[in-house]
Amino acid sequence: MKLLYGLLALLFFFGSGCIPIETPDHPERSRFVIRAPSGWAYRTFKGDNGLIGVLWPKGTSFNDCDTAVFVFIQDFDEPFLPEVPENGHLFQEKCPKSEFKFADLEDDQDETLSIEEKYFSGLCGRTEVMFEEKVKNLRIVTVLASSFYVSDDLFEDVKYIVSAYKSEIEESLGISKKKKSKKQTNKENSSYS
């Protein structure tokens, strides 16, 4: 019995020197971050070409949710895009019958192609709602995928997400400030006339 207690004490002693969980000094986050609409959990991912953000309803987890919003970005100024979009595996896990692909320049300029034809192969969920915003050389592609039919409130949340990302990118590129200052200058000039 003393031997058994001795072994247990020895295991406890060696087991108490546990290895800490590795925590990065700087979490990997996208340079474009928005304020998520209420009711949505949000995660960003570092990368310049591929999946940069995912939102899902609060009260669920990304692994268990039936509805998710995916935000992709593609930089057309990049001479060589990665073969697989950055963080694309997360989209693939939630949507195994669909795949995000980069659009080529010819497809990007073809206005007869749908967003799905340019960027995706296959479907995800019962409902898919897709948006594409162009800001200079960047394309922001937002996809709502759901196992359910979408309510008006959900659709409005996704429209907000799309506009928030567009505003965030315009601001980071210095576009929105220029537009605001031009409008202010025009108003000032018209008030002096």
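(A) The arrangement of the confidence of the model for the protein in detail. On average, residues of the protein carry a pLDDT of 83, and 76% of them reach 70 or more. The secondary structure element of the protein with the lowest average pLDDT is helix α6 (residues 175-192), at 52, and the one with the highest is strand β3 (residues 67-75), at 96. For the stretch residues 183-193, pLDDT sits under 50, and the model shows 0 contacts to residues farther than four places along the chain or on other chains.

(B) Molecular detail of the state of the cysteines. Under the defined criterion, the tally for this structure stands at 1 disulfide. Put simply, Cys 95 and Cys 124 are joined by a disulfide, and their sulfur atoms are 2.0 Å apart. Disulfide Cys 95 to Cys 124: torsion about the S-S bond roughly -65°, handedness left-handed. You can see Cys 95 sitting in the loop between α2 (88-94) and β4 (99-100) and its partner Cys 124 sitting in the loop between β5 (120-121) and β6 (127-135), a full 29 residues away along the chain. By relative accessible area, which is 1% here, Cys 95 ends up buried. For Cys 124, a relative accessible area of 8% gives the class buried. Here Cys 65 is not cross-linked by a disulfide; its sulfur's nearest cysteine counterpart is in Cys 95, at 9.2 Å.

(C) Molecular detail of the nonpolar core. In this structure, Phe 70, Phe 72, Tyr 119 and Phe 120 are the most contacted members of the largest nonpolar core, which totals 25 residues. Elements with a contribution of two residues or more to this core: β2 (50-57), β3, α2, α4 (115-119) and β7 (138-146). Filtering out sequence-adjacent residues up to four positions away, Phe 70 remains in contact with Leu 51, Gly 53, Val 54, Phe 62, Phe 91, Lys 94, Cys 95, Val 141, Thr 142, Val 143 and Ala 145. Listed in part, the 22 residues of the second largest apolar core include Val 71, Ile 73, Leu 154 and Ile 161.

(D) Representation of the sheet that holds β2 in the model. What the 5 strands build is an open sheet, ordered β1-β2-β3-β7-β6; its pairing is antiparallel. Each edge of the open sheet carries a strand with a single partner, namely β1 (40-44) and β6. Adjacent strand axes in the sheet meet at a mean angle of 15° when their direction is disregarded. Two strands pair when backbone bridges link them, and β2 and β3 are joined in this way by 5 bridges, in the antiparallel orientation. Looking at β3, one finds that Leu 55 is bridged to Val 69. The strands touched by helix α5 (residues 152-173) are β1, β2, β3, β6 and β7; relative to β6, the strand with the most contacts, the crossing angle is about 20°.

(E) Layout of the packing of aromatic side chains. The tally for this structure, following the rule as stated, stands at 11 aromatic pairs. Aromatic side chains Phe 100 and Tyr 119 sit 5.9 Å apart centroid to centroid with 10° between the ring planes, which places their arrangement in the stacked category. Linking Phe 100 in strand β4 with Tyr 119 in helix α4, this pair joins segments that are 19 residues apart in sequence. Each member of the pair, Phe 100 as well as Tyr 119, is classed as buried. A network of ring pairs unites the aromatic residues Trp 56, Phe 62, Phe 70, Phe 72, Phe 91, Phe 100, Phe 102, Tyr 119 and Phe 120 as a single cluster. The ring of Phe 62 carries the charged tip of Lys 94 above its face, separated from the ring centre by 5.7 Å.

Analysis parameters
Residues numbered from 1 in each chain as written. Predicted model: local features only at pLDDT ≥ 70, side-chain atom pairs only at ≥ 80, totals over all residues. Heavy atoms only, no water. pLDDT = per-residue confidence, 0-100. Helix = DSSP H or I, 4+ residues; strand = E, 2+ residues; numbered from the N terminus. Contact = heavy atoms within 4.5 Å. Disulfide = S-S within 2.5 Å. Buried < 20%, exposed > 50% of the residue type's maximum accessible area, 1.4 Å probe, protein only. Core = buried A, V, L, I, M, F, W, Y, C linked by side-chain atoms within 4.5 Å. Pairing = 2+ DSSP bridges. Axes fitted to C-alpha atoms, helices over the stretch in contact; angles between N-to-C directions. Phe/Tyr/Trp six-rings, centres within 6.5 Å; stacked < 30°, edge-to-face > 60°. Lys NZ or Arg CZ within 6 Å of the ring centre and 35° of its normal.

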